[in-house]
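Remarks on the overall topology
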Amino acid sequence: MRKMFFGKVKIEDATAMLKFQKRGITQALMHNLKYRGREEIGALFGAWLGEELKTATTFKNIDMVVPVPLHAIRQRKRGYNQVTKFGNEVAKALQIPFYEEGLTKITKTRSQVFKKRLNRFSSSNGVTDIYRITNKELINNKHILLVDDIITTGATLENCASVLLQASNTKVSLATIAIA
């Protein structure tokens, strides 16, 4: 996973729990989590990953967990952010704060599920106009674990990490449930 970001955005470390394959068990789990309200799937994987990260030396200095945000309209429509319980459980296991409001998605974008690789990176407004740090004072001088459900091209995590790195003396590591 680290290789995906090499030369694009500076990250400290990165991990994913499962390999995503079309029509596989991971796809079924992700669809149940994301579209069928099965938030307990995120909680289960968050507790599991949190226990794993407690013994990983490269993740020992994490200060807080921040989830990739949904736009307010999408969150209202879905009723939840599929990454919230995952991130919250990771933070609990690591005994660090879960800062759900760390980033805000300010530009509503279309779902990336059907987009081709290059289109996932393009935006008419640019990277900094999609996400915004809610409170830089809480982010400054922190090592942040940015969490998401699945990584395909890395565009979303790259955009979010780039914004977080605009804060003073900030480091970013990444964790997802699955990688395509």
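Okay, so let's go over this structure. Only a predicted model underlies this, so the values are computations on that prediction, with no experimental measurement involved. (Residues numbered from 1 in each chain as written. Predicted model: local features only at pLDDT ≥ 70, side-chain atom pairs only at ≥ 80, totals over all residues. Heavy atoms only, no water.)

Here the focus is unusual backbone geometry. The phi angle of most residues is negative, glycine excepted, and most peptide bonds adopt the trans form. Positive phi, close to 60°, is recorded for Asn141, a residue that is not glycine. Of note, Asn169 is a non-glycine position whose phi angle comes to about 55°, a positive value. For Asn169, a relative accessible area of 57% puts it in the exposed group. (Buried < 20%, exposed > 50% of the residue type's maximum accessible area, 1.4 Å probe, protein only.)

Attention now moves to helix α5 (residues 84–94). Because each turn of an α-helix spans 3.6 residues, side chains separated by three or four positions end up pointing in the same direction. With eight of 11 residues buried, α5 lies mostly within the body of the structure. Among the residues making up α5, those that are buried are Thr84, Phe86, Gly87, Glu89, Val90, Ala91, Ala93 and Leu94. Looking at the buried side of α5, the elements it contacts are β1 (14–19), α3 (39–54), β2 (64–67), β5 (143–151) and β6 (171–179). Directly after α5, the chain includes Gln95, whose backbone phi takes a positive value near 55°. (Helix = DSSP H or I, 4+ residues; strand = E, 2+ residues; numbered from the N terminus. Contact = heavy atoms within 4.5 Å.)

Nonpolar side chains tend toward joint burial in soluble globular proteins. Of all hydrophobic cores here, the largest spans 25 residues; its most connected members are Leu103, Ile139, Leu146, Leu164 and Leu174. Within the residue set of this core, elements represented by two or more residues are β2, β4 (131–133), β5, α8 (155–164) and β6. At five residues, α8 tops the list of elements feeding residues into this core. Excluding its chain neighbours within four sequence positions, the residues that come into contact with Leu174 are Met1, Phe5, Ile11, Asp13, Ala14, Thr15, Phe59, Leu145, Leu146 and Leu157. (Core = buried A, V, L, I, M, F, W, Y, C linked by side-chain atoms within 4.5 Å.)

The next thing to look at is the packing of helix α2 (residues 25–35) against α3. Relative to each other, α2 and α3 sit at 120°, their axes nearing to 7 Å. Classified by the angle their axes make, α2 and α3 are oblique. Contact residues: Leu29, Asn32 and Leu33 in α2; Glu39, Ile41, Gly42 and Phe45 in α3. In terms of residue class, the contact of α2 with α3 is built from four nonpolar, two polar and one charged. (Axes fitted to C-alpha atoms, helices over the stretch in contact; angles between N-to-C directions. Parallel < 35°, antiparallel > 145°, perpendicular 65-115°, else oblique. Nonpolar A, V, L, I, M, F, W, Y, C, P; charged D, E, K, R; others polar.)

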